[in-house]
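The primary structure of each chain is shown beneath.
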Amino acid sequence: MKSRIIRTAFFQRDPITCARDLVGTELIWDDCAGKIVETEAYLAKNDEACHTFSRPSAREFVQRNKAGTAYIYFSYGAHWMLNALVKGEADGFVLIRALKPLRGINLMKKRRGLDDERQLCSGPGKLTQAFDITNRHHEIDLCAEPRHCFAHRPAEVDVVADARIGITRSAHHPWRFTERGSKFVSRRVKS
DNA sequence: TTCGTGATAGAG
DNA sequence: TCTATCACGAAG
């Protein structure tokens, strides 16, 4: 039977293409799973919002690891952010920003202390809390084990591109990708 | 709209 | 040592 897990080659292209193509795929993490409805692309070069612009440790991370590796960092003293390393035609990251919960929903509710499914994973810090993703997962290969991976789903999705949010530098690039009409995104798409 | 939070990096 | 900065979330 053919595997539906997304393999390393997927991340050996460029961050913008990868970010767009990840919308509509499934994130599988232990007993939880969700459909990705929002991502953002960050470029290692010529992108002031990318960690590689101001953080030597991020540049070393790119050097040291292969495509499809998890880049996880702590933000604002409270939240973990999940990114996938892209290394190919261009280097960079894809930030996973929001999911529609599919499996392990009761576990997510418990971890988040909430009942509303729309609020479980509607933001990069929320989904890591719901999935219990922390720095212990930093630098793991997301294309190797079936318990921490991305997987294709049968249905095609309609993807919208607009400006990244929550950043100040290089904020004009249309590198945020969302599933059209999804109620599970972190913030409504500007119309 | 505001504010807490802690890691990182660069300046002094 | 000190300080600015930050890809956030929750309360109000």
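The structure we're discussing is the one just above.
This report concerns the structure included in the present document. Being a predicted model, the structure only gives us computed values, none of them experimental. (Residues numbered from 1 in each chain as written. Chains lettered and ligands numbered in written order. Predicted model: local features only at pLDDT ≥ 70, side-chain atom pairs only at ≥ 80, totals over all residues. Heavy atoms only, no water.)

1. As for the nonpolar core
Core analysis: the biggest nonpolar cluster contains 37 residues, and F11, I96, F131 and F150 have the highest contact counts within it. Elements with a contribution of two residues or more to this core: α1 (15-22), β1 (26-29), β2 (32-43), β3 (70-75), β4 (79-86), β5 (92-103), α4 (105-112) and α5 (124-131). Beyond its immediate chain neighbours, meaning those up to four positions away, I96 contacts L22, I36, E38, T39, L82, P124, L127 and F150. (Core = buried A, V, L, I, M, F, W, Y, C linked by side-chain atoms within 4.5 Å. Buried < 20%, exposed > 50% of the residue type's maximum accessible area, 1.4 Å probe, protein only. Helix = DSSP H or I, 4+ residues; strand = E, 2+ residues; numbered from the N terminus. Contact = heavy atoms within 4.5 Å.)

2. Some words on α1
When α1 is considered as a whole, its buried residues turn out to be P15, I16, C18, A19 and L22. Seen from one end, α1 has its buried residues packed into an arc of 165°, which puts them on one side. On its buried face, α1 is in contact with β2, β4, β5, β6 (148-151) and β8 (176-179). Structurally, the start of α1 carries an N-cap: the backbone nitrogen of I16 is 3.1 Å from a side-chain oxygen of D14. Backbone geometry just after α1 places G24 at a positive phi near 95°. (Arc of directions from axis to C-beta. Polar contact = N/O pair within 3.5 Å; in protein donor to acceptor, adjacent residues only side chain to side chain.)

3. Here's the deal with the pattern of salt bridges
If you walk through the whole model with that rule in mind, you get 15 salt bridges. A salt bridge links D30 to R147; the shortest N-O distance between them is 3.3 Å. In this pair, D30 sits in the loop between β1 and β2 while R147 sits in the loop between α5 and β6, placing the two residues 117 residues apart along the sequence. With relative accessibility at 32%, the residue D30 sits in the partly exposed group. Put simply, E38, E40, R97, D162 and R176 are held in one network by salt bridges that share partners. (Salt bridge = Lys/Arg side-chain N within 4 Å of Asp/Glu carboxyl O.)

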